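# Reading the structure
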Amino acid sequence: YHCPGYAITHGNTPALVRFKPLPGEFALPGDQESQWGPATLEFVRRHKIKNVFLVCLWTSYPIDGEEIPETLKALQQAGADCWIMAPLPQPPLDIRRAALLADRGVIASPSPLPPEAVAYNQTLFQKRVSKCRPGSYHLIDPLTILRDPGSGAFPYFYRGKLLYHDTCHLSVEGNLRL
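Rules behind the numbers
- Residues numbered from 1 in each chain as written.
- Predicted model: local features only at pLDDT ≥ 70, side-chain atom pairs only at ≥ 80, totals over all residues.
- Heavy atoms only, no water.
- Pairing = 2+ DSSP bridges.
- Helix = DSSP H or I, 4+ residues; strand = E, 2+ residues; numbered from the N terminus.
- Phe/Tyr/Trp six-rings, centres within 6.5 Å; stacked < 30°, edge-to-face > 60°.
- Buried < 20%, exposed > 50% of the residue type's maximum accessible area, 1.4 Å probe, protein only.

On to the pairing of strand β2 (residues 81-85). Where strand β1 (residues 51-54) and β2 come together, four bridges link them in parallel fashion. By the bridge assignment for β2, Leu54 is matched with Ile84. In terms of strand pairing, β2 meets strand β3 (residues 138-140) through three bridges, oriented parallel. Of the residues in β3, the one forming a bridge with Trp83 is His138.

The full count for this structure, using the stated rule, is two aromatic pairs. Measuring from centroid to centroid gives 5.0 Å for Tyr6 and Phe43, while their planes differ by 85°, and the two rings are edge-to-face. Separated by 37 residues along the polypeptide, Tyr6 in the segment before α1 (32-47) and Phe43 in helix α1 bring together distant segments of the chain. For the pair Phe53 and Trp83, a centre-to-centre distance of 5.5 Å together with 20° between the ring planes defines the contact as stacked.

Every α-helix winds through 3.6 residues per turn, so residues three or four apart in the chain are directed the same way. Every buried residue belonging to helix α2 (residues 67-77) is among Glu67, Ile68, Pro69, Thr71, Leu72, Ala74 and Leu75, and all of these are buried. Gly79 lies just past α2 and shows a positive phi near 95°.

Take a look at the structure:
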């Protein structure tokens, strides 16, 4: 695609204004956590970034509903167009291990996730973005892009290649497909 850009990421710390992360082994140390969102916003302002993609495991964070709309408003005031990626369906198994075992013939290939298995994440995500002003962001929904059009199931493989890197992240193939 040859699209230059920046990736501002840190585990357990989405770049949201007013976000108060949970302590954990992957979280930023001390008061750096509370400065992550404002520092990201300042970076967007300073570099005049026009498109910002907010991607995280939305269902894993204690977000009260105000952080996302406040972040969108601040990014738009900085001149950015905002995109939010809805959550990926999370496999109920170690998908890489299952794929390896299936490839060796030890187990059957994992069945795709049925539509009802993804309902919880989608409902919680909708609750998290419900306070956002309509039209304040563009939605990227992996379900509509990656699901099987015939069955509605969410596959783990596409053309024989694994779409997931682990239970929360897409593989290179999955990202290219998305």
